[in-house]
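# Summary of structural features
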Amino acid sequence: MEKTIQVNLGSVEQIPLGQGLCFVIKNQEIAVFRSRQGNLFAIENRCPHRQGPLSEGIIGDGKVICPLHGHKFDLTTGKGSEMSECVKTYRVWEENGLVMLE
């Protein structure tokens, strides 16, 4: 059985609405996004196509667009617009104004 770890990433206010921010947890880059509606999403930060920083991409309609080549990734499932591309997703939520990541 895999042990889960919860990490406090700090205030939710540090992530502007409609944008993402990269956090490094145990040498892994994780992009955390806050939609314009305030929903939180977390996926691995690097695009599998050319390693573009997804945290710097544009989000909308539940997807993020890679800033390098325009590949799209679903923020809930991690599925990419290309059949073979997928990024890992992480459980993330807000608790008492803090961003919590599992």
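Here, every reference points to the structure presented above.
These notes cover the structure that comes with them. Remember, predicted model here, so these are calculated numbers, not experimental data.

## Some words on the side chain of S35
Relative to the helices and strands, S35 resides in the loop between β3 (28-34) and β4 (40-44). Residue classification places S35 among the buried positions, given a relative accessible area of 8%. The contact partners of S35, leaving out residues within four places of it in the chain, are L17, G18, F41 and I59.

## Regarding the pattern of salt bridges
Per the stated rule, a full pass over the model turns up 2 salt bridges. Here E29 and R46 are joined by a salt bridge, their closest N and O atoms 3.0 Å apart. Here E29 is found in strand β3, whereas its partner R46 is found in the loop between β4 and β5 (58-60), with 17 residues between them in sequence. A salt bridge links E102 to R91, with the nearest nitrogen and oxygen atoms 3.1 Å apart. Here E102 is found in the segment after β10 (98-101), whereas its partner R91 is found in the loop between β8 (89-90) and β9 (92-95), with 11 residues between them in sequence. We classify R91 as partly exposed; its relative accessible area is 46%.

## Examining the nonpolar core
Formed by 13 residues in total, the largest nonpolar core has its most connected members in L9, I30, V32, A42, V92, V99 and L101. Secondary-structure elements contributing two or more residues to this core are β2 (19-25), β3, β4 and β10. Beyond its immediate sequence surroundings of up to four residues, V92 is in contact with V32, L40, F41, A42, V99, M100 and L101. Counting residues in each nonpolar core, the second largest holds 12 residues, with F41, L54, I59 and F73 among its members.

## Side note on the sheet that holds β4
Two orientations exist for strands paired in a sheet by backbone hydrogen bonds: parallel and antiparallel. Pairing within the open sheet is antiparallel, and its 4 strands lie in the order β2-β3-β4-β8. Because the sheet does not close on itself, it has two edges, and the strands there are β2 and β8. Sheet topology places β4 next to β8; 2 bridges connect them, and they run antiparallel. Across the sheet, the residue bridging to A42 is Y90, located in β8.

Definitions and cut-offs
- Residues numbered from 1 in each chain as written.
- Predicted model: local features only at pLDDT ≥ 70, side-chain atom pairs only at ≥ 80, totals over all residues.
- Heavy atoms only, no water.
- Helix = DSSP H or I, 4+ residues; strand = E, 2+ residues; numbered from the N terminus.
- Buried < 20%, exposed > 50% of the residue type's maximum accessible area, 1.4 Å probe, protein only.
- Contact = heavy atoms within 4.5 Å.
- Salt bridge = Lys/Arg side-chain N within 4 Å of Asp/Glu carboxyl O.
- Core = buried A, V, L, I, M, F, W, Y, C linked by side-chain atoms within 4.5 Å.
- Pairing = 2+ DSSP bridges.

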